[in-house]
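# Analysis of the macromolecular model
Read off the chains here:
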Amino acid sequence: MVDQPQKAFVIGWPISHSLSPALHTYWLDFHEINGSYEKIAVPPEKLEEFLDNLPGSAFIGGNITIPHKEMAFGFIKDHKSAAIQLEATNTIWIEGSKLVADNTDGYGFTANLDDFSTDWRNAQSALVIGAGGAAKAVVISLTNAGIKNIVIANRTLSRAQDLAQKFGPSCRAGMLEELPVVLEKTNLLINTTSMGMKNQPPLKIDLAPMPADAIVTDIVYNPLQTPLLKQATSLNLIAIDGIGMLMHQAVPGFEKWFGVRPNVTPQLRAYMLKQLEAVNT
Ligand code: NAP
């Protein structure tokens, strides 16, 4: 009898432009695993039913993306600590008859920085722009890395204040208007907003006051070189793009579902950049 393929998925609404199937299929092929990873469009009103039907189905687990990360966390009872901290899940699997939810966005963020910088953890001061779901994962990663001064600046100040209060004494909320002064002391800047994304206005910020050895990273990866990263490069700052976060956050899920820990390699990066080009044409 031929073994049944192991099946995983990514759900979102919409989901048509997701790069995750290309990524996981690359690893499945590379490791010659009899498996599949497919995208499934699930509207918000069908999410609970979709999750309820997973145990006993042909699927072993999958990824959860926008806009379902918080709602899926609420529907699932068993959570790993990263999901609890973020009150959101991006990676789930089936254990016996129950679903388990984890969150690997913070892992993906730090692993990407580790690939391009050996000393980002030594930053005296970090500036996080944005206060949404991704900002939460970034702020937790920065506090876990021991960074003591974290300013969170957001269009809606109250959301930045909520985040700063939640994640403790290393964090404070800042106004976008005070950024020129904050930037003088910022060694690590992270854009977690959707500004700069394809079809979105750029993030308007003058990076000139930053220290000469500062790191600027953008978790937006389409386009790969956002206007913010282009400006950082033109000022000879260290610029780190967001596609690595996407690749690294996928590693723990693939390992859980298919039993092999995959690697993020230069070959994979080149392959994913081609995929990105293809979704844009
Ligand atoms: P979210 O929860 O909706 O938060 C969006 C953030 O962007 C909020 O802080 C929002 O500010 C801000 N924002 C949106 N439009 C703005 C505008 N016109 N002007 C100023 N601020 C604006 O979204 P998310 O889940 O955090 O995702 C944010 C981005 O990160 C998305 O582009 C997503 O694709 C990307 N992302 C990338 C990865 C990766 O693997 N590289 C992983 C996760 C997310 P307000 O609070 O004022 O609305």
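To keep things clear, this report deals only with the structure shown in the data block. This structure is a prediction, so every number in the text was calculated from the model and none was measured.

## Points about the packing of helix H1 (residues 20–30) against helix H11 (residues 251–258)
At a minimum axis separation of 11 Å, H1 and H11 run at an interaxial angle of 50°. Put simply, H1 runs oblique to H11. In the crossing of H1 with H11, the sense of the turn from one axis to the other is right-handed. Side by side, H1 and H11 meet where His 24, Trp 27 and Leu 28 of the first sit next to Val 251, Phe 254, Trp 257 and Phe 258 of the second. Residue composition of the contact of H1 with H11, grouped by class: 6 nonpolar, 1 polar and no charged.

## What about the layout of surface pockets?
One way to see where empty space is left: roll a probe the size of a water molecule over the atoms. If you add up the space inside the second largest pocket, you get close to 180 Å³. Lining the second largest pocket are 13 residues, and of these Gly 106, Tyr 107, Ile 140, Ser 141 and Asn 144 lie nearest its centre. Broken down by secondary-structure element, the contributors of at least two residues to the lining of the second largest pocket are helix H4 (81–86), helix H5 (105–116) and helix H6 (133–144). Residue contributions to the lining of the second largest pocket peak at 4 residues, all from H6.

## Examining the site of the ligand
In the region of the ligand, 21 residues are neighbours, and Ala 134, Asn 154, Arg 155, Thr 156 and Arg 159 sit closest. Ala 134 is positioned with one of its backbone polar atoms (N or O) 2.8 Å from an oxygen atom of the ligand. Between Gly 242 and the ligand, the recorded distance is 3.1 Å, taken from a backbone N or O atom to a nitrogen atom. Mapped by element, the contributors of at least two residues to the shell around the ligand are H6 and helix H10 (243–249). Looking at the shell around the ligand, its residues break down into 10 nonpolar, 9 polar and 2 charged.

Basis of the calculations
Residues numbered from 1 in each chain as written. Predicted model: local features only at pLDDT ≥ 70, side-chain atom pairs only at ≥ 80, totals over all residues. Heavy atoms only, no water. Axes fitted to C-alpha atoms, helices over the stretch in contact; angles between N-to-C directions. Helix = DSSP H or I, 4+ residues; strand = E, 2+ residues; numbered from the N terminus. Parallel < 35°, antiparallel > 145°, perpendicular 65-115°, else oblique. Left-handed = near helix turned anticlockwise from the far one by under 90°. Contact = heavy atoms within 4.5 Å. Nonpolar A, V, L, I, M, F, W, Y, C, P; charged D, E, K, R; others polar. 1 Å grid on protein atoms, 1.4 Å probe; cavity = no way out; pocket = protein on both sides within 12 Å on 5 of 7 lines; lining within 4 Å. Points joined across faces, edges and corners; volume = space filled by probe spheres on them. Near = heavy atom within 4 Å. Polar contact = N/O pair within 3.5 Å; in protein donor to acceptor, adjacent residues only side chain to side chain.

Don't take any of this as a statement about function, it's just geometry.
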